[in-house]
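Given next are the chains, with one letter for each unit.
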Amino acid sequence: MSNTILYLECATGISGDMTVAALLDLGASKVKLLAALDSLNVEGYSVTVRRANSHGVDACSFDVELEHENEHEHHYDHEHEHGHHHGHAALEHEHAHETHEHHHGHEHEHGHEHGHEHHHPHVHRNLADVTAILNSGDLTPHARELALKIFGIVAEAESKAHGKPVDEVHFHEVGAIDSIVDIAAAAVCLDDLGIDDVVVTALSEGTGFVECQHGLLPIPVPAVANIAAASGLPLRILPVEGEMVTPTGAAIAAAIRTRSALPESFTIRKIGLGTGKRDFGMPNVLRAMLIEETAAADAPPAEIMILETNIDDSTGETLGLAMDSLLAAGALDVHYIPAFMKKNRPAWLLRVICRAADVPAMERVIFTETSSIGIRKLPAGRTCLARTVVDVTLPAGSAKVKKCTFDGQTFYYPEYESVKALAAASGVPFADLFRDAAETARANDER
């Protein structure tokens, strides 16, 4: 994959199944996906990949059908207008976009014809059980790490919503199966596409309530609201009744987003559409686009913002979490610089470099996750080298290298995450792979 950026356009929300469908439509391998799902220690479901039409828009549909829906009265009523019972965790209502009107007449790309091991709907799984399932599968290290990250985000949100420790949050088994499949599938597809840079702008959400076991919950449901608050995901409320953003969809967006704004100019290389199952009276699709940033030759230096604040009463753990949150919210870079403040107090100067559009998200993180009570904002310009990302083939596998050019010179910088994943998978030392990747990229250009 070249220097591509994935843009998830969540104009009608996002859910796990819509994400998988859009990525498959974008070119992720069905063969690799189905092999990975087959390797998981999960039974009692079948998968259907088909074409579907949502108000005139042709898109891909990814369906997870549970055997319990045919064998028993399900633990929540899919046919109800809001039919989702929010029991122990958000995973019980993941398919907020679905009415589960399964189209058996369409081609079934894959099916699990195993007997289900648990034949009543009151068995539960906690996060450790889900982790064991994901660790048991034949997933690449990067896909497994991403799937665990997404599940962890959901578990943290549910922990806060229910006032329980993360390890005590339980996922209803029937409801957890489709979410395990959706999350693992999304991670496998993203890994297969080789995507490291992801733009997620505002998530469109509906209004009203969803029915749970103990009454009605307002939209956005608590898990979605908690994920949005923790990760700085912006929400946009549409005048549409119904749940458009599911916890799994929000968690995927939070886990993979590296940018919160599109480049000023870009070209579209490929488009994938994934459809949901709910009818909102308009096309219900998640559009995934592979784009490449472009810049005119005479374009002025890019404008950025520098945010600074002095902190002398936050712990190292707090500052570490703040840095992670700032980067996840779209910061271009984050620094801590030792400083001395009034009364000779040792302190830290927090400096954040970000795009102007991302300033509100940065301020939200700084004010909520540190003890700062004021932020300095400085506009600045920057000049960036022209760059592309190329794939190089090494004896140990494939790696990505950033190729930058300036004044007739070319510089080769291997991508850290790509080399890190290859080192973990192959056992070859990171330093050796890093050096070989740069040398190979240079040699390929000199041929």
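Quick look at the structure, then. Given the structure is predicted, the values throughout are model-derived calculations rather than measurements. (Residues numbered from 1 in each chain as written. Predicted model: local features only at pLDDT ≥ 70, side-chain atom pairs only at ≥ 80, totals over all residues. Heavy atoms only, no water.)

1. Some words on the packing of helix α4 (residues 127–136) against helix α5 (residues 141–162)
Note the following rule: Axis lines are fitted through C-alpha atoms, for helices just across the contact stretch, and the angle between N-to-C directions can take any value from 0 to 180 degrees. Numbered from the N terminus, helices here are DSSP runs of H or I no shorter than four residues, and strands are runs of E no shorter than two. Oblique is the label for any angle not covered by the other classes, which are roughly parallel (under 35 degrees), roughly antiparallel (over 145) and roughly perpendicular (65 to 115). Note on convention: the crossing is left-handed when the near helix lies turned anticlockwise from the far helix by less than a right angle, right-handed when the turn is clockwise. Contact definition: two residues touch when any of their heavy atoms are within 4.5 Å. Residue polarity follows a fixed list, in which Ala, Val, Leu, Ile, Met, Phe, Trp, Tyr, Cys and Pro are nonpolar, Asp, Glu, Lys and Arg are charged, and the others, Gly among them, are polar.
For the pair α4 and α5, the least separation of the axes is 10 Å and the interaxial angle reads 165 degrees. One way to sum up the angle between α4 and α5 is to call them roughly antiparallel. Note that α4 runs across α5; the crossing there is right-handed. Between α4, through L127, V130, T131, L134 and N135, and α5, the contact on the second element is made entirely by R144, A147, L148, F151 and A155. When grouped by side-chain class, the residues that make up the contact of α4 with α5 number seven nonpolar, two polar and one charged.

2. With respect to a nonpolar patch on the surface
Here is the rule we go by: For patch building, the residue pool is restricted to those with more than 30% relative accessible area and no salt bridge; the joining distance is 9 Å between like charges and 5 Å between nonpolar side chains (Val, Leu, Ile, Met, Phe, Trp, Tyr). In these tables, accessible area is a Shrake-Rupley quantity obtained with a 1.4 Å probe, and a residue counts as shielded only by the protein chains included in the view. Whenever a carboxyl oxygen of Asp or Glu lies within 4 Å of a side-chain nitrogen of Lys or Arg, that contact is scored as a salt bridge. Residue burial is assigned from relative accessible area. The probe radius is 1.4 Å, only protein chains are included, and a residue is buried under 20% of its type maximum, exposed over 50%, and partly exposed in between.
Nonpolar side chains collect at one region of the surface, where F266, I268 and I271 lie side by side and expose about 240 Å² of accessible area between them. If you trace the backbone, I268 turns up in strand β12 (residues 266–275). By relative accessible area, which is 44% here, I268 ends up partly exposed.

3. Brief notes about the pattern of salt bridges
Counted according to the given criterion, the structure contains 18 salt bridges. Linking E308 and R351 is a salt bridge whose minimum nitrogen-to-oxygen distance equals 2.8 Å. Here E308 is found in strand β14 (residues 302–311), whereas its partner R351 is found in strand β16 (residues 346–354), with 43 residues between them in sequence. Taking the relative accessible area as the measure of exposure, R351 reaches 26% and is therefore partly exposed. E363 serves as the salt-bridge partner of K377, at 3.3 Å between the closest nitrogen and oxygen. Taken as a pair, K377 in strand β17 (residues 376–382) and E363 in helix α10 (residues 359–369) lie far apart in primary sequence, 14 residues in all.

4. Some points on the sheet that holds strand β20 (residues 409–414)
For clarity, the cut-off: When DSSP finds two or more bridges between two strands, those strands count as paired.
Spatial ordering of the open sheet is given by β18-β19-β20, a layout of three strands whose pairing is antiparallel. In this open sheet, the two edge strands, each paired with only one partner strand, are β18 (386–394) and β20. The mean angle between the axes of side-by-side strands here comes to 30 degrees, regardless of whether they run parallel or antiparallel. Bridging between strand β19 (residues 397–406) and β20 involves six bridges; their strand directions are antiparallel. Residue C404 lies in a different strand from β20, and its bridge partner there is F411. Across the sheet, helix α11 (residues 416–426) touches β18, β19 and β20, and the angle it forms with β19 is around 160 degrees. Across the sheet, helix α12 (residues 430–446) lies against β18, β19 and β20, angled at about 105 degrees from β18, the strand it touches most.

5. Structural notes on the environment of I237
Its place among the elements puts I237 in strand β11 (residues 235–241). For I237, a relative accessible area of 46% puts it in the partly exposed group. Each C-alpha atom, one on I237 and one on E205, is 4.9 Å from the other, the two residues being 32 residues apart in sequence. Aside from chain neighbours lying at most four places away, what touches I237 is E205, G206 and T207.

6. Notes on the packing of aromatic side chains
Applied cut-off: Working definition: a ring pair exists when centres of Phe, Tyr or Trp rings (six-membered ring for Trp) sit within 6.5 Å. Plane angles under 30 degrees give stacked, over 60 give edge-to-face, the rest tilted.
For the structure shown, the criterion picks out four aromatic pairs. For the ring pair F411 and Y413, a centre distance of 6.5 Å and an interplane angle of 15 degrees mean the geometry is stacked. One aromatic cluster in this structure is built from Y416, F430 and F434.

7. Things to note about the nonpolar core
Using the following cut-off: Only buried residues count toward a nonpolar core. Its members are Ala, Val, Leu, Ile, Met, Phe, Trp, Tyr and Cys residues joined through side-chain atoms within 4.5 Å.
In this structure, L6, L24, L33, L37, Y45 and F62 are the most contacted members of the largest nonpolar core, which totals 76 residues. The element that contributes the greatest number of residues to this core is helix α6 (residues 173–193), accounting for 13 residues. By size, the runner-up hydrophobic cluster in this structure holds 17 residues, among which are L319, L326, A361 and M362.

8. Focus on the side chain of S61
To keep it simple, the criterion reads: Pairs of N or O atoms are called polar contacts if they sit within 3.5 Å, as long as, within protein, a hydrogen donor faces a hydrogen acceptor (for residues adjacent in sequence, only side-chain-to-side-chain pairs).
On the secondary structure map, S61 appears in strand β3 (residues 57–66). A distance of 3.2 Å separates polar atoms of two side chains, one belonging to S61 and the other to D63.

9. What to know about α12
As a reminder, the rule being used: Working rule for helices: expected span equals 1.5 Å times residues minus one. Regarding the arc, it is the one traced by the directions from the helix axis to the C-beta atoms.
The end-to-end C-alpha distance of α12, which contains 17 residues, comes to 25 Å, matching closely the 24 Å that a straight helix rising 1.5 Å per residue would cover. Burial in α12 covers these residues: L433, A437, A438 and A441. In a view along the axis of α12, the buried residues occupy a sector of 130 degrees, so they form one face of it. Pointing more than 90 degrees away from the buried face of α12 are the exposed residues A431 and E446. Against β18, β19, β20 and α11 lie the buried residues of α12.

10. With respect to the side chain of E308
Residue E308 is classed as buried on the basis of its relative accessible area of 12%. In this structure the side chain of E308 is engaged in a polar contact, spanning 2.8 Å, whose partner is the side chain of R351. With sequence-adjacent residues up to four places away left out, E308 is seen in contact with L349, L350, R351, G374, I375 and R376.

11. Structural notes on the pairing of β3
The buried count for β3 comes to eight of 10 residues, which makes it a mostly enclosed element. Two elements, strand β2 (residues 45–54) and β3, share 10 bridges in a ladder whose sense is antiparallel. Looking at the pairing, T48 lines up with D63 of β3. Between the end of β2 and the start of β3, which pair antiparallel, lie two residues, with H55 showing a positive phi angle near 50 degrees.

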